[in-house]
Amino acid sequence: MPGSSRLPISLRDTLRAQSGAARGRLLALNIDVFRNIIFFLFLLRWTRRAFYQLRGRGVAGSIVDAYVAARRTLYGIFLRLPGVRTKVQTQIAESLLKLERRLVPTGPGVERTVALPTEGWSEDRVRAALQTMEGMEHTRWEDGRVSGAVYHGGEALLRLQTEAFGKFTVANPIHPDVFPGVRKMEAEVVAMVLSLFNAPEGAAGVTTSGGTESILMACLSARQKAFVERGVTEPEMILPETAHTAFRKAAEYFKIKIHLVACKAPHYKVHLPSVSRLINPNTILLVGSAPNFPHGIIDDISGLSRLALRKKLPLHVDCCLGSFLVPLLAKAGFETEPFDFRLKGVTSISCDTHKYGFAPKGNSTVLYRSDALRKYQYFICADWSGGVYASPSIAGSRPGALIAGCWASLVQQGESGYVDSCHKIVGAAKKIESTIREDPNLATDLKVIGRPLVSVVAFLSNSLDIYDVADGMGEKGWHLNALQNPPAIHVAVTLPIVVAADKLISDLVEVVEEVREKERKRVAEGKGKKGAVKGDAAALYGVAGSLPNKSVVVDLAKGFLDTLYKA
Ligand SMILES: *Cc1c(COP(=O)(O)O)cnc(C)c1O
Ligand SMILES: *[C@@H]1O[C@H](CO)[C@@H](O)[C@H](O)[C@H]1NC(C)=O
Ligand SMILES: *[C@@H]1O[C@H](CO)[C@@H](O)[C@H](O)[C@H]1NC(C)=O
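Residues numbered from 1 in each chain as written. Chains lettered and ligands numbered in written order. Predicted model: local features only at pLDDT ≥ 70, side-chain atom pairs only at ≥ 80, totals over all residues. Heavy atoms only, no water.

1. Details of the UniProt feature "modified residue: N6-(pyridoxal phosphate)lysine" (unreviewed entry) in the protein
Residues given the UniProt feature "modified residue: N6-(pyridoxal phosphate)lysine" (unreviewed entry) here are Lys 355. For Lys 355, the position within the fold is in the loop between strand E6 (348-351) and strand E7 (364-368). Given a relative accessible area of 16%, Lys 355 falls into the buried group. With residues up to four places along the chain from it excluded, the contact list for Lys 355 reads Tyr 151, Cys 320, Leu 321, Ser 323 and Lys 361. (UniProt positions renumbered as here; feature names shortened; annotations may be inferred. Helix = DSSP H or I, 4+ residues; strand = E, 2+ residues; numbered from the N terminus. Buried < 20%, exposed > 50% of the residue type's maximum accessible area, 1.4 Å probe, protein only. Contact = heavy atoms within 4.5 Å.)

If you want it as structure tokens, here you go:
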């Protein structure tokens, strides 16, 4: 009977062994194929990366990037050499000590409270102490000496806000049933801002604790959208280099890679072809400012919007600073550029009610073209033992008092109030700008950056050290903002500055003359740049700013933050 059982034992074994070997070979083959696939994917991934890097930054750009990175690493190593390191650290410590002496009052007359008083103070004592704190020596914002920073809308509004606070001190919008009025006011604030920015039907928004949180939320929403809808796990966003640092903070917090795009002279607007080249499948968000903080320039939002539509990407417009000025430029009779939801590609906008909305500090809004975009920023936890938890943004409990203060400011000012302020503020900025351009005492040495349309006027100098000008203004009691890349300073006009604008101009004329004189003397005495005695801004931005690796600046800044918490 034929059958396998009749095969000689040895043949059967051979066959079995062979099929075993075949199976083994198959396995080996499978592992090989598998390994090849992995290798191929790895290769693909890196070629894709290299391709997008090369397309995004070009060959020359990539070489420059590599050079900058190498210089930074080498300088970092140099800074860590034994001798250098101790020297640098001593110098940092010295600078921080100086800073501390200036910021933290000491001496026998200073009362310091570093633990709870065993017995609570009397109300009168608390009031007296508050009075002292308020009266501490400071840069006089009250006299319009501070650029930006204080955006209040006048004494009467401040009183009204304080009253509103008083009524809602305990309120917390996390409990809408307990504080229905607060919920209503918050919803109305969002609705008012949406209408100011010409939001379409179906648009939505939330309130936040400030511009930074608004920007963080917009970036988070874009990241979640890309993850859910396109499976993007290595998100990237493209920023004008002048975009607010809050975007870089978002990148750090939410692990988003950033590409910075230059905003070059003479327009200082983001360079659109560079933005376009940097777009790749990992891109989650494009960004423009209206206007940006450093130079007060409005990016080409129309161009960005077209690009965003074409590439089907979200576009965030940062109107934190523009807030209640930029939407009202036309109504106040000034030149303007398109920037809001009327541009179809704009998907989100951040607008600070606490800047030119004159709301109490700690208030901003972020607006979305659709409710779906807003939902991407929500945090929901359905299975917490504390109950189902939902909150719209970063904070949990939130101050109802601030909402009341914000709502009161908006309805008290009304459109006419904000148009009026826009008139004054932008009018003063234009006056400062045109004086710098036209006054022969200033025009020879100072140069306005771009064509600012809103409240910020930034200027640089090709002949003088602009930081010496900043320090000179500092000595006269002004606090202007020092900028870098390129070295410049700016003034962000607020209502208090409107009144002081003429003084600012005349002081600027004097300071520029002084710096010119100093410069002439220095040249006459044949001293190099190093010979000059430098003020704070000049020291920080002039010397440390030119270093290839900014770790010294980082250490100084960390020390500065620590100093803020020295009692
Ligand atoms: C002020 C500002 C912000 C946000 O700042 P916050 O201090 O967090 O309110 C964002 N963008 C621009 C252009 C700003 O000027
Ligand atoms: C810059 O220098 C610091 C300190 O020496 C170093 O830790 C850091 O890695 C350097 N940065 C870069 C990008 O190399
Ligand atoms: C005001 O600020 C608080 C946080 O500081 C925020 O919770 C609230 O929603 C803001 N309200 C408005 C109206 O902007």
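Still more to cover.
2. Points about the domain arrangement of the protein
Considered domain by domain, the protein is made up of domain 1 (159-413) and domain 2 (427-547). The C-alpha-based centres of domain 1 and domain 2 are spaced at 32 Å. Between domain 1 and domain 2, the contact holds 20 residues from the first and 19 residues from the second. Across the domain 1-domain 2 interface, the total number found is 1 salt bridge. Residues Glu 335 and Arg 451 are paired through a salt bridge, measuring 2.6 Å at the closest nitrogen-oxygen approach. Remark: the boundary between domain 1 and domain 2 carries 5 residue pairs in polar contact (both at pLDDT 80 or more). Residue composition of the side of domain 1 that touches domain 2, by class: 14 nonpolar, 4 polar and 2 charged. (Domains from an automatic or database assignment. Salt bridge = Lys/Arg side-chain N within 4 Å of Asp/Glu carboxyl O. Polar contact = N/O pair within 3.5 Å; in protein donor to acceptor, adjacent residues only side chain to side chain. Nonpolar A, V, L, I, M, F, W, Y, C, P; charged D, E, K, R; others polar.)

3. Side note on unusual backbone geometry
Cis geometry marks the peptide bond from Ala 290 to Pro 291; its omega dihedral reads -5°. By the element assignment, Pro 291 lies in the loop between strand E4 (283-289) and helix H9 (301-311). A positive phi angle, close to 55°, is found at Asn 198, a residue other than glycine. Inspection of the secondary structure assignment puts Asn 198 in the loop between helix H5 (180-196) and strand E1 (204-208).

4. Observations regarding the sheet that holds E1
Whenever strands of a sheet pair, they do so through backbone hydrogen bonds, lying parallel or antiparallel. Within the open sheet, the 7 strands sit side by side as E1-E7-E6-E5-E4-E2-E3. Their pairing is mixed. Either end of the sheet is taken by a strand with one partner, and the two such strands are E1 and strand E3 (257-261). Pairs of neighbouring strands in the sheet enclose a mean axial angle of 20°, with direction left out of account. The pairing of E6 with E7 spans 4 bridges and is antiparallel. For Ile 349, the partnering residue across the bridge sits in E7 and is Leu 367. Lying over the sheet, H5 contacts E1, E6 and E7, oriented at roughly 120° with respect to E1. Of the strands in this sheet, E4 and strand E5 (315-319) are in contact with H9, which crosses E4 at around 165°. (Pairing = 2+ DSSP bridges. Axes fitted to C-alpha atoms, helices over the stretch in contact; angles between N-to-C directions.)

5. Focus: the packing of aromatic side chains
Counting across every chain of the model gives 8 aromatic pairs. Residues Phe 197 and Phe 339 carry aromatic rings whose centres are separated by 6.0 Å and whose planes lie at 90° to one another, so their mutual orientation is edge-to-face. On the criterion of sequence distance, the pair formed by Phe 197 in the loop between H5 and E1 and Phe 339 in the loop between E5 and E6 is long-range, its members being 142 residues apart. Overall, Phe 197 belongs to the buried group, its relative accessible area being 0%. Exposure remark for Phe 339: the relative accessible area of 4% places this residue in the buried category. Following the ring pairs from residue to residue traces out a cluster consisting of Phe 324, Phe 358 and Tyr 418. (Phe/Tyr/Trp six-rings, centres within 6.5 Å; stacked < 30°, edge-to-face > 60°.)

6. Some details on the site of ligand 2
With respect to spatial proximity, the complete set of residues near ligand 2 consists of Arg 72, Thr 73, Gly 76, Leu 79, Arg 80, Asn 549 and Ser 551. Separating an oxygen atom of ligand 2 from a side-chain N or O atom of Arg 80 is a distance of 3.5 Å. Relative to its unbound accessible area of 360 Å², ligand 2 is 60% covered by the protein chains. In terms of residue count, helix H1 (residues 9-80) provides more of the shell around ligand 2 than any other element does, 5 residues in total. For the shell around ligand 2, the residue count by class is 1 nonpolar, 4 polar and 2 charged. (Near = heavy atom within 4 Å. Areas by Shrake-Rupley, 256 points an atom, 1.4 Å probe, with all protein chains shown as cover.)

7. Things to note about the nonpolar core
Generally speaking, a soluble globular protein has its nonpolar side chains buried in company with each other. With 90 residues, the main nonpolar core has Phe 197, Leu 286, Tyr 356, Ile 436 and Leu 508 as its most contacted residues. Lining this core are residues from two domains, each supplying at least three of them: domain 1 (159-413) and domain 2 (427-547). Apart from residues no more than four positions distant in its own chain, Leu 286 is found in contact with Ile 238, Val 275, Ile 279, Leu 304, Leu 307, Ala 308, Leu 313, Pro 314, Leu 315 and His 316. One finds Leu 220, Ala 226, Met 237 and Ile 284 within the second-largest nonpolar core, a separate group that totals 26 residues. (Core = buried A, V, L, I, M, F, W, Y, C linked by side-chain atoms within 4.5 Å.)

8. Considering the side chain of Ser 323
For Ser 323, the location among the structural elements is in the loop between E5 and E6. Within the local environment of Ser 323, its side chain forms a polar contact with the backbone oxygen of Leu 321, the two atoms lying 3.1 Å apart. Here the side chain of Ser 323 touches Tyr 356 through a polar contact of 3.0 Å, landing on its backbone nitrogen. Residues in contact with Ser 323, not counting those within four places in the same chain, are Phe 197, Cys 351, Asp 352, Lys 355, Tyr 356 and Gly 357.

9. Thoughts on the site of ligand 1
Among the 13 residues in the neighbourhood of ligand 1, the closest are listed as Gly 211, Thr 212, Asp 318, His 354 and Lys 355. Within the contact set of ligand 1, an oxygen atom lies 2.9 Å away from a backbone nitrogen or oxygen of Gly 211. One of the side-chain nitrogen or oxygen atoms of Lys 355 is found 3.0 Å away from an oxygen atom of ligand 1. A total of 380 Å² of accessible area belongs to ligand 1 in isolation, and the protein chains cover 85% of it. Of all the elements, helix H6 (residues 211-230) adds the most residues to the shell around ligand 1, at 3 residues. Here the shell around ligand 1 is composed, by residue class, of 5 nonpolar, 5 polar and 3 charged.

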